[in-house]
Amino acid sequence: MTLYKGGIGQWAWIAHRVTGVAVLLFLFIHILDTALIILGPDWYNKVIAVYRWPIFGMLEIGLFAAVLYHALNGVRIILVDFWMASIQYHKQMFVVQMVLFTLVFLPVAWLMLGHVFP
Amino acid sequence: MSGSYGAHPRPVGGVELCAWLFMRISGVALLLLALGHLFIMHVLNSVHTIDYEFVAGRYAGTFWRGYDLTMLWLAMVHGVNGLRTLADDYLRPPVRGMAVKGLYAIGSLFLLLGTWVIIAFQPVSGRGLP
């Protein structure tokens, strides 16, 4: 079983797992909705129209946040994996990661909100 | 702290080392592919502009089909292998084995469905199209 030793690393790692599972769940749904394209325009357009509801627009922004976090945190994991010395800076690396996350997320979320509430 | 940043040490060899390496290589590829996909489809475009006609135009050539197919395979194998890691951590035999088999079955089924749709899709003309 997994041991929880506490600290930023623990929360970063839990968030990596949660966002990973969430994105995989969405991938399953996304394969199903896109598969409707094979049945023709009536089916596909009807189902895609559901994604235009504001609630799904907000979830879409959440999906972007999940993918972005998982990607940036993954880069940090890879850096530590292939450059063990960097592990002593893992807290600083996490801060840099979250600054990058914020810098990318805020403008993108703003643009996506513009689609949700035109 | 173990040899890797996560809870698992880096495998020494065999299939597990291949899986470990795959997660990192596919992860970097997916960073570009998935974030690129999200940016194109949900920032430059949106679900308000995406419809049958949009997809038909996008799939008229092979480039986006290839892009989507690459992303689909990498994401599914990356995701299923990630969930297998979680099953290893949180489930005990015999539930773990059944869960992993079920995961492989469902993952393969969805992967085949997605692959078939991306390759086989041919836009219909006329009805529903302007």
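Scroll up for the structure.
Because the structure is predicted, anything quoted here is derived from the model rather than measured.

Chemist: Looking at this structure, how should I read the overall build of chain B?
Modeler: The helix and strand tally for chain B stands at 4 helices and 0 strands. Beginning at the N terminus, the succession of helices and strands in chain B can be written as α-α-α-α. The C-alpha atoms of chain B give 19 Å as radius of gyration, which overshoots the globular expectation for 130 residues (14 Å, by more than 25%). Taking all 130 residues of chain B together, the buried fraction comes to 13%. Contacts in chain B between residues at least 24 apart in sequence constitute 65% of all its contacts with a sequence separation of at least 6.

Chemist: So what exactly am I meant to see when it comes to helix 4 (residues 90-116) of chain A here?
Modeler: Taking 1.5 Å of rise per residue, 27 residues should cover 39 Å, and helix 4 of chain A covers 37 Å from first to last C-alpha, within 8% of that figure. Those residues of helix 4 of chain A that sit buried are His 90, Met 93, Gln 97 and Met 112 of chain A. Of the surrounding secondary structure, the elements contacted by the buried residues of helix 4 of chain A are helix 1 (8-35) and helix 3 (54-82) of chain A together with helix 1 (14-44) of chain B.

Chemist: Looking at this structure, how should I read unusual backbone geometry?
Modeler: Negative phi is the rule for most residues except glycine; trans is the rule for most peptide bonds. Residue Pro 93 of chain B is joined to Pro 94 of chain B through a cis peptide bond whose omega torsion reads 5°. Structurally, Pro 94 of chain B is set in the loop between helix 3 (63-90) and helix 4 (95-120).

Chemist: Please explain the nonpolar core as it appears in this structure.
Modeler: Here is a general trend for soluble globular proteins: nonpolar side chains tend to be buried in one another's company. Ranked by internal contacts, the top residues of the largest apolar core, which has 18 residues, are Leu 27, Val 67 and Leu 68 of chain A together with Ala 34, Leu 72, Ala 75 and Met 76 of chain B. In terms of residue count, the dominant contributor to this core is helix 3 of chain A (6 residues). Apart from residues lying up to four places away in sequence, Val 67 of chain A is in contact with Val 23 of chain A together with Ala 34, Leu 35 and Leu 38 of chain B.

Chemist: I keep staring at the interface of chain A and chain B and nothing clicks. Help me out?
Modeler: By a widespread convention, an interface's size corresponds to the accessible area lost as its parts come together. Contact residues are listed per partner, giving 37 residues for chain A and 37 residues for chain B. Residues that form the side of chain A that touches chain B fall into these classes: 25 nonpolar, 7 polar and 5 charged.

Chemist: Help me understand the environment of Gly 114 of chain A, please; the structure alone is not making it clear to me.
Modeler: All names here are of chain A. Structurally, Gly 114 can be placed in helix 4. Among the residues examined, Gly 114 registers 11 C-beta atoms within 10 Å and is labelled exposed. The spacing of Gly 114 and Gly 57 is 57 residues in sequence and 10.0 Å in space, taken between C-alpha atoms.

Chemist: Quick question: what am I supposed to make of the environment of Trp 110 of chain A here?
Modeler: Relative to the helices and strands, Trp 110 of chain A resides in helix 4. A sequence separation of 49 residues divides Trp 110 of chain A from Ile 61 of chain A, and the C-alpha atoms of the two residues are 9.4 Å apart.

Chemist: Would you explain the packing of helix 1 of chain B against helix 3 of chain B in this entry?
Modeler: The angle between the axes and the distance between the axes are what describe a pair of packed helices. Residue and element names in this part refer to chain B. For the pair helix 1 and helix 3, interaxial distance at closest approach is 9 Å and the crossing angle is 130°. Considered as vectors, helix 1 and helix 3 are oriented oblique to each other. Considering only the axes of helix 1 and helix 3, their crossing is left-handed. Note on element contacts: helix 3 touches helix 1 through Thr 70, Met 71, Leu 74, Ala 75, Val 77, His 78 and Asn 81, opposite Ala 19, Met 23, Ser 26, Gly 27, Ala 29, Leu 30, Leu 33, Ala 34 and His 37. A class-by-class count of the residues in the contact of helix 1 with helix 3 yields 10 nonpolar, 6 polar and no charged.

Chemist: Even after reading the chapter, I still don't get the packing of helix 3 of chain B against helix 4 of chain B, so can you show me in this structure?
Modeler: All names here are of chain B. Two numbers describe how helix 3 lies on helix 4: the axes approach to 10 Å, and their chain directions differ by 175°. Viewed along their axes, helix 3 and helix 4 adopt a mutual orientation that is roughly antiparallel. Residues Arg 65, Asp 68, Leu 69, Leu 72, Trp 73, Met 76, Val 80, Leu 83, Arg 84, Ala 87 and Asp 88 of helix 3 lie in contact with helix 4, whose contacting residues are Arg 96, Ala 99, Val 100, Leu 103, Tyr 104, Gly 107, Phe 110, Leu 111, Gly 114, Thr 115 and Ile 118. Here the residues of the contact of helix 3 with helix 4 are counted per class, giving 14 nonpolar, 3 polar and 5 charged.

Chemist: I'm lost on helix 3 of chain B in this one. Help?
Modeler: The end-to-end C-alpha distance of helix 3 of chain B is 40 Å, a good match for the 40 Å that 28 residues give at a rise of 1.5 Å each. All of the buried residues along helix 3 of chain B are Met 71, Leu 72, Ala 75, Met 76, His 78, Gly 79 and Gly 82 of chain B. Contact partners of the buried residues in helix 3 of chain B: helix 1 of chain A together with helix 1 and helix 4 of chain B.

Conventions used here
Residues numbered from 1 in each chain as written. Chains lettered and ligands numbered in written order. Predicted model: local features only at pLDDT ≥ 70, side-chain atom pairs only at ≥ 80, totals over all residues. Helix = DSSP H or I, 4+ residues; strand = E, 2+ residues; numbered from the N terminus. Rg over C-alpha atoms; globule rule 2.2 N^0.38 Å. Buried ≥ 20, exposed ≤ 12 C-beta atoms within 10 Å, placed from the backbone. Contact = placed C-beta atoms within 7 Å. Expected span 1.5 Å × (residues − 1). Core = buried A, V, L, I, M, F, W, Y, C linked by C-beta atoms within 7 Å. Nonpolar A, V, L, I, M, F, W, Y, C, P; charged D, E, K, R; others polar. Axes fitted to C-alpha atoms, helices over the stretch in contact; angles between N-to-C directions. Parallel < 35°, antiparallel > 145°, perpendicular 65-115°, else oblique. Left-handed = near helix turned anticlockwise from the far one by under 90°.

As far as function goes, none of this settles anything; it's purely spatial.
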